[in-house]
Amino acid sequence: MSSLFIAGHWRSSASGLRDDVINPANGEVIEAVDRAGADEVEAAIAAARAAFDAGPWPKTPAAERGKLLGRVADLLERDRADLGRLETTDTGKTAREGLLDIDDVVSVFRYYADLAGHDLDHDVLVPTPGVRSRIRHEPVGVCTLITPWNYPLLQISWKLAPALATGNTMIVKPSEVTPLTTIKLVGLLAEAGVPDGVVNLVLGPGGEVGTPLVTDPRVDMVSFTGGLATGRTIMAAAAGTVKQIALELGGKNPNIVFADSDFETAVDHALTGAFLHSGQVCSAGSRIIVERSIHDDFVAELARRADLVRVGYPLDESSECGPLVSQAQLDKIERYVEIGRSEGAQLRCGGIRPTEGALARGFFYRPTLFSGCDRTMRIVSEEVFGPVATVEVFDTEAEAITLGNDTTYGLAGAVFTTDVERGERVAEALRHGTVWINDYHPYLPQAEWGGMKQSGIGRELGVTGLLEYMEIKHVYRTIEPAPPGWFTG
């Protein structure tokens, strides 16, 4: 089956190259997909450019574009079970997580379907009589949308829904590790009636396929979610043509626990924050910072409960944590655990790969907790992106804030306390794009998402996520005969 979608048609790679997509739970091939070559990348860019410059989509009334997004949401709900199972099989997240992801994707499409009908254009009051000054919002143009492997369907929805709502055309490039649900989504877009050339899909490694999608002058914007190193490369490459960019580059997220917090709630959310999707979450609360007076009890209980987490086959409903996404990711986590040991951190639980039964064939790793950590350690300062959490200790509120902000990243963080005023103070002081108080991980389509510092540029979701895909134009019109110009003779 062809898996590249260009100018409204499915096609195969002219090179005949295909890449295997691996099930991380057992190492088996799920299916093989086409790898785009230079010809397919060129065709995708040309199709998106033609669809924007000469096609109907940018001029389609915003309310009509919103109706199409609503139809996509309906189709996603129709295929919810199949899409959830495929997302689980492709990424290794549990079946429950896979279904919740589909529900979240539906919510994103419905939110932007509604928002598309809201006219953001407005007049500016001008003291000069006989003048109309108007601010218009127009689509950016051709957008390259590049997504990561951990939340493939959710992350593309955060980009694609607002980009479509605002009349752009696009080339979508998912991670080559987990492309399957993105392929399905593009099929649903075609079924919903997206005009030819508006959405184009290419597959393959970033270095081969992604680079021309960033550097080509016919592309007006690049939106990327992924690692910091790749984000820096994209930012530098896009500078050659001064493209608009939106970058979400991960984080090393502090979870601050005060002694007056509800102990059980804080432990429960520390587990969720650190080990959801085996810690393969950009906002994972992998850096746990605990007040000294409860530190020992908190670490002991956290380690006890982490040891009870049921790591298993993701489609088994009893499993609470699935495998890592790939052998390369498993190797990376094992290296970081050894780094933690060598740095003098105390291993409290995990630190091993389960090998019993069928788990030996997959990329599984036990939830791992280190205590006795400080901010000089690599496992504290670097984004591990796996089921590895560290614990630091603090004595004062000011110290907790200092520790929480002592990172090159600034994506997300949390504070647990029963003192309402303290919670608000600490949340305000933390330099992170999202801060939860007495909770961890919830997000809303209506609330902007993104990071400060080296966690990225721009925002996704919310009204700002829509504006990322729009250019703002000022139209100044003199209605009455214009006064004399500067030069009169």
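Reference entry: report on the structure contained in this document. Just so it is clear, the model here is predicted, and its values are computed rather than measured.

## A few points about the overall build of the protein
Here comes step 1: In terms of regular secondary structure, the protein is built from 15 helices and 20 strands.
Here comes step 2: The C-alpha atoms of the protein give 24 Å as radius of gyration, which agrees with the globular expectation for 489 residues (23 Å, within 12%).
Here comes step 3: Contacts in the protein between residues at least 24 apart in sequence constitute 73% of all its contacts with a sequence separation of at least 6.
Here comes step 4: Separation between the mean location of the 45 positive side-chain charges and that of the 67 negative ones in the protein comes to 3 Å.

## Observations regarding helix α5 (residues 152–165)
Here comes step 1: If you check α5, its first and last C-alpha atoms are 20 Å apart, about what 14 residues at 1.5 Å a residue would give, namely 20 Å.
Here comes step 2: Taken across its 14 residues, α5 has 14 buried, putting it largely inside the fold.
Here comes step 3: Downstream of α5 by a residue or two, G167 has a phi angle that is positive, lying close to 90°.

## Some thoughts on the pattern of salt bridges
Here comes step 1: One pass over the full model with this rule turns up 32 salt bridges.
Here comes step 2: We note a salt bridge from E64 to K67, for which the minimum N-O separation is 3.3 Å. Placement of the pair is E64 and K67 together in helix α2 (residues 62–78), with a separation of three residues, close to one helical turn.
Here comes step 3: The network of salt bridges with shared partners includes D260, E397, R422 and R425.

## Things to note about the packing of aromatic side chains
Here comes step 1: Per the counting criterion, the structure on display carries nine aromatic pairs.
Here comes step 2: Ring geometry for W158 and Y443: centres 5.2 Å apart, planes at 55°, overall tilted. Taken together, the residues span a long stretch of sequence, with W158 in helix α5 and Y443 in the loop between β18 (434–437) and β19 (456–457) at a distance of 285 residues.
Here comes step 3: The class for W158 is buried, based on a relative accessible area of 5%.
Here comes step 4: Site record: aromatic cluster; members linked through ring pairs are W158, W436, Y440, Y443 and W449.
Here comes step 5: Here K93 stacks its cationic end above the ring of Y151, 3.6 Å away from the centre of that ring.

## So, the sheet that holds strand β15 (residues 368–371)
Here comes step 1: Strand order in this open sheet of seven strands is β14-β15-β16-β13-β12-β17-β18, and the pairing throughout is mixed. Of all strands in the sheet, those bounded by a partner on one side alone are β14 (346–349) and β18. Across the sheet, the mean angle from the axis of one strand to that of its neighbour is 25°, orientation sign disregarded.
Here comes step 2: As judged from the four bridges shared by strand β17 (residues 412–416) and β18, these two strands associate in the parallel manner.

## Examining the sheet that holds strand β20 (residues 470–478)
Sheet strands associate in pairs through backbone hydrogen bonding, adopting either a parallel or an antiparallel arrangement.
Here comes step 1: Reading across from one edge, β5-β6-β20 is the order of the three strands in this open sheet, with antiparallel pairing throughout. Bordering the open sheet on either side are β5 (122–124) and β20, each of which pairs with just one other strand. Adjacent strand axes in the sheet meet at a mean angle of 30°, parallel and antiparallel pairs treated alike.
Here comes step 2: Relative to strand β6 (residues 131–139), β5 runs antiparallel, the two being bridged by three bridges. Considered in β6, the bridge of H122 is made with I135.

## What to know about the nonpolar core
Within soluble globular proteins, side chains that are nonpolar tend to cluster in buried spots.
Here comes step 1: Ranked by internal contacts, the top residues of the largest apolar core, which has 114 residues, are F109, L160, V199 and F298.
Here comes step 2: Those residues in contact with F298 that sit more than four places away from it in its chain are V257, F263, A266, V267, A270, I288 and V290.
Here comes step 3: The next biggest cluster of nonpolar side chains, apart from the first, holds 16 residues, and it includes L324, Y336, M377 and V384.

Cut-offs and rules
- Residues numbered from 1 in each chain as written.
- Predicted model: local features only at pLDDT ≥ 70, side-chain atom pairs only at ≥ 80, totals over all residues.
- Heavy atoms only, no water.
- Helix = DSSP H or I, 4+ residues; strand = E, 2+ residues; numbered from the N terminus.
- Rg over C-alpha atoms; globule rule 2.2 N^0.38 Å.
- Contact = heavy atoms within 4.5 Å.
- Lys, Arg positive; Asp, Glu negative; His and termini not counted.
- Charge placed at Lys NZ, Arg CZ, Asp CG, Glu CD.
- Expected span 1.5 Å × (residues − 1).
- Buried < 20%, exposed > 50% of the residue type's maximum accessible area, 1.4 Å probe, protein only.
- Salt bridge = Lys/Arg side-chain N within 4 Å of Asp/Glu carboxyl O.
- Phe/Tyr/Trp six-rings, centres within 6.5 Å; stacked < 30°, edge-to-face > 60°.
- Lys NZ or Arg CZ within 6 Å of the ring centre and 35° of its normal.
- Pairing = 2+ DSSP bridges.
- Axes fitted to C-alpha atoms, helices over the stretch in contact; angles between N-to-C directions.
- Core = buried A, V, L, I, M, F, W, Y, C linked by side-chain atoms within 4.5 Å.

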